[in-house]
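Here's the letter readout for the chains.
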Amino acid sequence: MACLKLGSKSEVFHLSGHTWVCSTGLKPDVVIQVQDQTFHLHKFPLLSRSGYLEALFSKASETASHHAQLHDIPGGPDTFLHVANFCYGVRIEVTAENVVSLRCAAEYLQMSENYGNANLIYLTESFLNDDVCTNWEDSIRALESCAKKLLPIAEELGIVSRCISSLAIKASYAEDKSLFNWPISAPETTTTTLWNGIQTKSTSGSNWWFNDVSSFLDFTIYKRFIQTVASRGVKADVVAASVTHYAKRNLPLLGCSRHGGSSSSDEGTNYGDDVYYSHDDQRSLLEEIVELLPSEKRVASTRFLLRLLRTSMVLHASAVTQDSLERKIGVQLDEAGLEDLLIPNMGYSAETLYDIDSVQRILDHFMLTFDSSSRCYNNAHPWLTEYEREQLCLLMNCQKLSLEACTHAAQNERLPVRVIVQVLFFEQMRLRTSIAELDMDTNSSNEETTGKNPELEGGSKTKGNAKMGIKEMKERVYELEKECTSMKQDLYKLVKPKEERNFFSKIFGLKCKTKTSPCGGKGKGGEEDALLMIRETKN
């Protein structure tokens, strides 16, 4: 760790209770109060180095007051003691852990070069630029020392941004041995090995920085760091891996969410060495982490995303966060295992052990993504032959497409005609089945209400609702039949009458003499049976 030694005199201050007294032999002529500690000092050493104290005591001399209060000085009493030692020429050590507080205090006290050469502002600035920001570990320590009270002043002085930029540069070139042939000051080693009985250390790969930034940086600073790393062109999968490491390190419930947070209470979680994490803090952190994940597809593991989703349900995270996770998972659902999809139902009125609705939404996203990918591929490859398009569309199961996917398929001009007809056919079959079930429900309702007063039993209302449902479905079937009729007319225009038989046989996968049509007909009448079944739906 870098260290800057200042001064040459031995210690001149000693503490008595909460009072610091100078033992130079001269009677103190000023008293400075810093929070709960009092300093009995002399004017000359202080005023010769600090513009703020000079102005303060020049006004105080007019009222014969020798007392001052510096409760707002950055770093508090400990930092002011180092400043007093510097003014008296006493030996002090400036390190990465105290340089930020000293730099902020020097700015507060106006200790510039106007009040003596090699003043505290100049010395701390030089140490920051030449020693701290050029070393990975010292930059981490400097950022870690930026407490909440120091952070605003450190931001104004550019200390935080300089340290973050320094870390981001080193992380960006972690895979390279050098940057422009200059050595990069990174952690010396992370593992210890024995070579001929001698202990040697070596780095653990290009991602050696994951643990440091996850362990020592507050999330506000980590977020700026990782965004800076991403802006420097680092691959999205590396950024996602770092965010994953940070989440596993700082979200205690991420490990126990599989069992519904069995080791947590409604208020918070005890984790590790009696460290307490409130649920509100964890919820906010999880939502921030989800936002920080790269937008690129398949850069974070599906298992990790599912663990985040389970944890978000335990913590009752926002609907936006859960929806974002479900979309990310849906894109890469093919990488998930069955065990990963067993998401405990955390609802207050849970009717099932596992959250079926969430899995259904994930499946919907997956199907939409797959359908979109197929259509995008067809649009991007207009030169594909009809046979090649059919082979590609064989990957789709027309019977399992949602209503939205069916609508897209029916309107897509680049899809093979066979696929469009199959989509419309299976949708009509579903509607026909639904109508038949409603008819059965209506008949059953009529039988149950026979001999009873409809106004008292509400039978007429149920019957009316069933009829309305049947009417709406019949209208939908009629619309589909019009689409099929229009398609048939277009096909007759494109294909010669003598080729119609072979064309429709190809659409339904028929061979006139040996193959059976999907609708149950054989040979010549296969396609006619299919169209006949479509027409019968309306009736």
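The structure under discussion appears in the preceding block.
In this text, all values refer to a predicted model and were calculated from it rather than measured experimentally.

K.L.:
Tell me what's going on with the state of the cysteines, and back it up with residues and numbers.
P.N.:
Linking two cysteines covalently via their sulfur atoms produces the bond known as a disulfide. For the structure shown, the criterion picks out 0 disulfides. The thiol of C133 is not disulfide-bonded; the next cysteine sulfur, from C163, is found 4.1 Å away. C133 gets classed as buried once you look at its relative accessible area, which sits at 13%.

K.L.:
Outline the sheet that holds strand β4 (residues 30-34), listing residues and values.
P.N.:
A sheet is described by the order of its strands in space; here 5 strands give the open sequence β2-β3-β5-β4-β6, paired in mixed fashion. Since the sheet does not close on itself, it has two edges, and those belong to β2 (13-16) and β6 (67-69), each with one partner. Strand-to-strand twist in this sheet, taken as the mean axis angle between neighbours without regard to direction, amounts to 20°. Strand direction decides the pairing type here: β4 and strand β5 (residues 37-41), joined by 5 bridges, are antiparallel. Across the sheet, residue V31 finds its bridge partner in β5, namely H40. This element, helix α3 (residues 76-88), spans β2, β3 (19-22), β4 and β5 of the sheet and lies at about 10° to β5.

K.L.:
Give me the nonpolar core: which residues, what numbers.
P.N.:
Residues I32, W209, Y222 and F225 are the most contacted members of the largest nonpolar core, which totals 106 residues. Dropping the residues within four chain positions of it, Y222 is found in contact with V213, L217, S242, V243, Y246 and L292. With 6 residues, the next largest nonpolar core counts I420, L431, V477 and L480 among its residues.

K.L.:
Break down the packing of aromatic side chains for me, with residues and values.
P.N.:
Under the counting rule described, the total for this entry stands at 11 aromatic pairs. Between W209 and F225, the ring centres sit 5.6 Å apart and the planes meet at 75°, which makes this aromatic pair edge-to-face. Taken together, the positions of W209 in helix α9 (residues 209-216) and F225 in helix α10 (residues 219-231) put the pair 16 residues apart, joining distant regions of the chain. Look at W209 and you get buried, because its relative accessible area is 1%. F225 sits in the buried class, given a relative accessible area of 0%. On the numbers, 6.3 Å between centres and 40° between planes, the contact of F219 with Y222 is tilted.

Definitions and cut-offs
- Residues numbered from 1 in each chain as written.
- Predicted model: local features only at pLDDT ≥ 70, side-chain atom pairs only at ≥ 80, totals over all residues.
- Heavy atoms only, no water.
- Disulfide = S-S within 2.5 Å.
- Buried < 20%, exposed > 50% of the residue type's maximum accessible area, 1.4 Å probe, protein only.
- Pairing = 2+ DSSP bridges.
- Helix = DSSP H or I, 4+ residues; strand = E, 2+ residues; numbered from the N terminus.
- Axes fitted to C-alpha atoms, helices over the stretch in contact; angles between N-to-C directions.
- Contact = heavy atoms within 4.5 Å.
- Core = buried A, V, L, I, M, F, W, Y, C linked by side-chain atoms within 4.5 Å.
- Phe/Tyr/Trp six-rings, centres within 6.5 Å; stacked < 30°, edge-to-face > 60°.

Honestly, that's just the spatial picture; any functional story needs more than this.
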